[in-house]
Amino acid sequence: MPREHYQDSLDELRSDVLSMGDLVTERLGDSLAAVERRDESLARAVADGDDEVNETYLALEDRCVDLFALQQPVAGDLRFVTASFKIITDLERIGDLAVNLANYSLAARETVAPEVAIDAIGAASRGLLERSLAAYETGDAAACRAVAAGDDEVDALCQRASESVTRELIAGTDDDGWAAERLLDDVSRVLLTVRDLERIGDHAVNIAARTLYMVENDPELLY
């Protein structure tokens, strides 16, 4: 492949990874809105749209494999293709977590621990994802490190939320075992929602880590 066509292939890969990122970010936003508003139709749309994310992932995976096999990239190009390959995996997993959030919304029967700011945690996790993708687009090493630092805020929010919903369960049942049993499923879903939002933040950090390695050959955030 002539050099200019090879570079076009790399540029196209970056563009398509970012397009997948936009798709996943949109689906995550929809799932968060479904949780916040308990919007059944929106939650079902997120779940039904998972195939599109998976098909996009598989197409980009094939593209990366072809670049490895046919072009045998070296140095910076090799790091770029490798990072892109890893990043689409994180994006696909975020898409799966968005489906989880939508399904939790569909299964919820009542609002548990309203003071748990799921919307704030969701916004923070989504913000990390957007910032990590922007760092990938521009090759901004400082932004990658900022994403990793920002994950501490998400972790702290998740910790406080888990503690709060557990206290709500204990205080709200007043030693009534039957009441505790009735609440347990919904409390568990809140805890699962918090856990998955934390995982989304972790995947955003993975994207930043791979980008930093791509840009500076620095594995600082990979471990």
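For the structure itself, look to the data block above.
Residues numbered from 1 in each chain as written. Predicted model: local features only at pLDDT ≥ 70, side-chain atom pairs only at ≥ 80, totals over all residues. Heavy atoms only, no water.

*Asks:* Explain the pattern of salt bridges to me, and be specific about the residues and the numbers.
*Replies:* Under the defined criterion, the tally for this structure stands at 10 salt bridges. Residue glutamate 130 pairs with arginine 126 through a salt bridge whose shortest N-O separation is 3.3 Å. Linking glutamate 130 with arginine 126, this pair stays in helix α5 (residues 118-138), spanning four residues, or about one helical turn. Residue classification places glutamate 130 among the partly exposed residues on the basis of a relative accessible area of 39%. A salt bridge links arginine 145 to glutamate 220; the shortest N-O distance between them is 3.0 Å. Of the two residues, arginine 145 sits in helix α6 (residues 141-173) while glutamate 220 sits in the segment after α7 (177-216), which places them 75 residues apart along the sequence. Glutamate 220 gets classed as partly exposed once you look at its relative accessible area, which sits at 42%. In this structure, a network of salt bridges that share partners links the residues Arg145, Glu216, Asp218 and Glu220. (Salt bridge = Lys/Arg side-chain N within 4 Å of Asp/Glu carboxyl O. Helix = DSSP H or I, 4+ residues; strand = E, 2+ residues; numbered from the N terminus. Buried < 20%, exposed > 50% of the residue type's maximum accessible area, 1.4 Å probe, protein only.)

*Asks:* Got a sec to walk through the packing of aromatic side chains? Specific residues and values, please.
*Replies:* Counted by the stated rule, this structure contains two aromatic pairs. Between the aromatic rings of phenylalanine 80 and tyrosine 136, the centroid separation amounts to 6.3 Å while the plane-to-plane angle is 15°, which identifies the pairing as stacked. Pair noted here: phenylalanine 80 is in helix α4 (residues 75-107) and tyrosine 136 is in helix α5, with a separation of 56 residues, a long-range link. With relative accessibility at 5%, the residue phenylalanine 80 sits in the buried group. (Phe/Tyr/Trp six-rings, centres within 6.5 Å; stacked < 30°, edge-to-face > 60°.)

*Asks:* Describe α5, and please don't skip the residues or the numbers.
*Replies:* An ideal rise of 1.5 Å per residue puts 30 Å on 21 residues; α5 measures up with 30 Å between its terminal C-alpha atoms. Along α5, the positions that sit buried rather than exposed are Ile118, Ile121, Gly122, Ala124, Ser125, Gly127, Leu128, Leu129, Ser132, Leu133, Ala135 and Tyr136. Looking at the residues trailing α5, positive phi occurs at glycine 139, about 70°. (Expected span 1.5 Å × (residues − 1).)

*Asks:* I'd like to hear about the environment of leucine 23, residue by residue, with values.
*Replies:* With respect to the helices and strands, leucine 23 occurs in helix α1 (residues 3-37). Residue classification places leucine 23 among the buried positions, given a relative accessible area of 12%. Sequence spacing of leucine 23 and threonine 56 is 33 residues, and the spatial spacing of their C-alpha atoms is 9.5 Å. Discounting residues that sit within four places of it in the chain, leucine 23 has contacts with Glu52, Val53 and Thr56. (Contact = heavy atoms within 4.5 Å.)

*Asks:* Tell me about the nonpolar core, and please be specific about residues and values.
*Replies:* In terms of nonpolar packing, the biggest core is built from 56 residues, with Val17, Met20, Leu91 and Leu129 touching the most fellow members. The greatest single-element share of this core, amounting to 13 residues, is contributed by α7. Residue contacts for valine 17: discarding those within four places in its chain leaves Leu60, Ser84, Ile87, Ile88, Leu91 and Tyr136. Within the second largest apolar cluster, eight residues are counted, among which are Ala33, Ala43, Ala98 and Ala102. (Core = buried A, V, L, I, M, F, W, Y, C linked by side-chain atoms within 4.5 Å.)

*Asks:* Can you lay out unusual backbone geometry for me, pointing to particular residues and giving the numbers?
*Replies:* Trans peptide bonds make up the majority, and among non-glycine residues the majority have a negative phi. Of note, glutamine 72 is a non-glycine position whose phi angle comes to about 45°, a positive value. Within the secondary structure layout, glutamine 72 lies in the loop between α3 (50-71) and α4. Its identity as a non-glycine residue notwithstanding, alanine 75 has a phi of 55°, on the positive side. With respect to the helices and strands, the residue alanine 75 is situated in helix α4.

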